[in-house]
Amino acid sequence: MSHDRIVIIGNGISGITAARHIRKRSDVPITVIGNESEHFFSRTALMYVYMGHLRYRDIKPYEDGFWPANRIELKHGTVARIDTVLKCVQLADGYTLPYDKLIIATGSASNTFGWPGQDLPGVQGLYSLQDVEAMEGNTAGIQRAVIVGGGLIGVEMAEMLRTRNIAVTFLVREDTFWGGVLPEEEAGLITRHMKEHGVLLNFNTELEEVLAGPDGRVRAVRTKSGEEIACGFVGLSVGVHPNIAWLKDSPAVKTDKGVLVNAYLETNVQDVYAIGDCVEFQQHPDPQRKNIEQVWYTGRLMGETLACTVTGERTAYAPGIWFNSAKFFDIEYQTYGRVPNRAQDGEAAHYWEHPNGRSALHLVWNAESRVLHGVNTFGFRLRHEVFDRWLREKATVDHVVEQLHEAAFDPEFFTRMEPAVRASFTIGKHMTA
Ligand SMILES: Cc1cc2nc3c(=O)[nH]c(=O)nc-3n(C[C@H](O)[C@H](O)[C@H](O)COP(=O)(O)OP(=O)(O)OC[C@H]3O[C@@H](n4cnc5c(N)ncnc54)[C@H](O)[C@@H]3O)c2cc1C
């Protein structure tokens, strides 16, 4: 192929994966522009830096010399505008860089809802490296914190704060934890676990405003019911949205909630593509999935896929089986396929929980055909490739329960639980909608 220049905006997992895979496939000049850090780091490990388990340099998966050795040029700066006619990007400092093919991979930004006081010192979200640095300063010497919103990033913030013995109160708008995603059994398990870690959860509670003390810093929050909770720090974890505000001066690239792309990750402008958290599919290749997916592995997969297209082998994004994992303090969570938070028509489900209240398995299947739709696990890990295969091959729930040992990640631990899971399934009362 010709020596086109590929420019990538954003050096997160999606942009960097695209760069690495393009280099594997071609000699084309590649420039990656990022405004957060000089080098790629693992965003999912940021919390461990605050907790002192890892240093920043430990969460960089590649040595700094990897990039020049692979002729991937890294440029630190903020892209302010794309000129799709002259085919160049303009940085905030005036620098202009031409492209032949352009990849937008600018990730997400934290949501805020215009609460009075949300910009006070001591109030922040958690997304970037700069947020973790700010959190260091904002939580120094404080005793009490409030976290607004019950999602994964909120739990991480709670865990980070508890390692410094800071008292944590969660304000959760719904009546269960992460109620938009987790079925109530799992939400209950996590709620109990967080309580064991000294986290106070206030359900059906919404933030009204953040109040300042005489020093101008946060001193308390007031809830919609008028309760005042004293605190020296407020963590906002009410979701993220595609980071596209910077595209306002580049109207040629069509956006809605995110950068609009087709199944090939192509935008409406020729030679301009988008991948990762900032993407909104016009129509997701899998109609059961959302048009915006803000998780690590989908960004990586999009980066890999697009590397084929921009090096001459036009390839559609094939998302495969939905998968996600996280950790709620000590409890690992995995989900494969589709486990809705509320029972759906035509589906049956079975929930098993270990008497210790720290391990659980939730299976959901088609009530008629018995084909498995999804599984949630807590407190133990399953083998990705096995559940991926079962879901792809449309295995029945009976086959899955019978062969569960095949999916054991930690066979020694799993052997102790498997008979209980199977027995509960055999005699169990399955839930139907
Ligand atoms: C604390 C935390 C924990 C998480 N844990 C998990 C997890 O356990 N599992 C999971 O699946 N997902 C997790 N996620 C989500 C996951 O990190 C994201 O889905 C992923 O990082 C998205 O990758 P990306 O490359 O699309 O965007 P990003 O990682 O956001 O990278 C985009 C980069 O582009 C830069 N940029 C933006 N605009 C510009 C511009 N105009 N010019 C130059 N540079 C720009 C940004 O500063 C950023 O560095 C977590 C997220 C957070 C915040």
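These numbers were taken from a predicted model, which means no experiment stands behind them.

Peer 1: With reference to specific residues and values, describe the pattern of salt bridges.
Peer 2: Per the stated rule, a full pass over the model turns up 26 salt bridges. Among the ionic pairs, Arg25 bridges to Glu313, the shortest N-O distance being 2.8 Å. Residue Arg25 is located in helix α1 (residues 13-25), and its partner Glu313 is located in the loop between α7 (296-310) and β21 (323-328); the two are separated by 288 residues in the primary sequence. Judged by relative accessible area, Glu313 falls into the partly exposed class, the value being 44%.

Peer 1: How would you sum up the sheet that holds strand β4 (residues 79-83)? Please name residues and give values.
Peer 2: Spatially, three strands are ordered β4-β5-β6 in an open sheet, and the strand pairing comes out antiparallel. With partners counted over all chains shown, the strands left at the sheet margins are β4 and β6 (96-98), one partner each. On average, each strand axis in the sheet is tilted by 20° relative to the strand beside it, whichever way the strands run. Two elements, strand β5 (residues 88-91) and β6, share three bridges in a ladder whose sense is antiparallel. If you follow Val89 over to β6, its bridge partner there is Leu97.

Peer 1: Please give an account of the nonpolar core that cites residues and values.
Peer 2: Core analysis: the largest hydrophobic core is formed by 46 residues, its most contacted members being Ile8, Ile22, Ile82, Val89, Ile103 and Ile104. If you tally residues by element for this core, the top one is α1, at five residues. Ranked by size, the runner-up nonpolar core spans 41 residues in total, among them Val172, Phe177, Trp178 and Phe329.

Peer 1: Describe in detail the domain arrangement of the protein, supporting the description with residues and values.
Peer 2: Each assigned domain of the protein is listed with its residue range as follows: domain 1 (6-109 + 241-310), domain 2 (123-238) and domain 3 (323-432). With centres defined by C-alpha atoms, the gap from domain 2 to domain 3 works out at 30 Å. Residue-level contacts link 23 residues of domain 2 with 20 residues of domain 3. Summed over both sides, the interface of domain 2 with domain 3 buries roughly 1,800 Å², with 65% coming from carbon and sulfur. Three residues, Glu186, Leu189 and His193, lead the burial of domain 2 against domain 3; their summed loss comes to 29% of the area buried on that side. Counting every contact that joins domain 2 to domain 3 gives two salt bridges. Salt-bridge contacts for Glu353 lead to Arg192; the nearest nitrogen and oxygen are separated by 2.7 Å. Along the contact surface separating domain 2 from domain 3 lie nine residue pairs in polar contact (both at pLDDT 80 or more). Residue assignment for the side of domain 2 that touches domain 3 shows that the elements contributing at least two residues are α5 (152-162) and α6 (184-196). For the side of domain 2 that touches domain 3, the leading source of residues is α6, giving nine residues. When the residues that make up the side of domain 2 that touches domain 3 are grouped by side-chain class, the tally is 12 nonpolar, four polar and seven charged.

Thresholds applied
Residues numbered from 1 in each chain as written. Predicted model: local features only at pLDDT ≥ 70, side-chain atom pairs only at ≥ 80, totals over all residues. Heavy atoms only, no water. Salt bridge = Lys/Arg side-chain N within 4 Å of Asp/Glu carboxyl O. Helix = DSSP H or I, 4+ residues; strand = E, 2+ residues; numbered from the N terminus. Buried < 20%, exposed > 50% of the residue type's maximum accessible area, 1.4 Å probe, protein only. Pairing = 2+ DSSP bridges. Axes fitted to C-alpha atoms, helices over the stretch in contact; angles between N-to-C directions. Core = buried A, V, L, I, M, F, W, Y, C linked by side-chain atoms within 4.5 Å. Domains from an automatic or database assignment. Contact = heavy atoms within 4.5 Å. Buried area = accessible area lost by both parts, 1.4 Å probe. Polar contact = N/O pair within 3.5 Å; in protein donor to acceptor, adjacent residues only side chain to side chain. Nonpolar A, V, L, I, M, F, W, Y, C, P; charged D, E, K, R; others polar.

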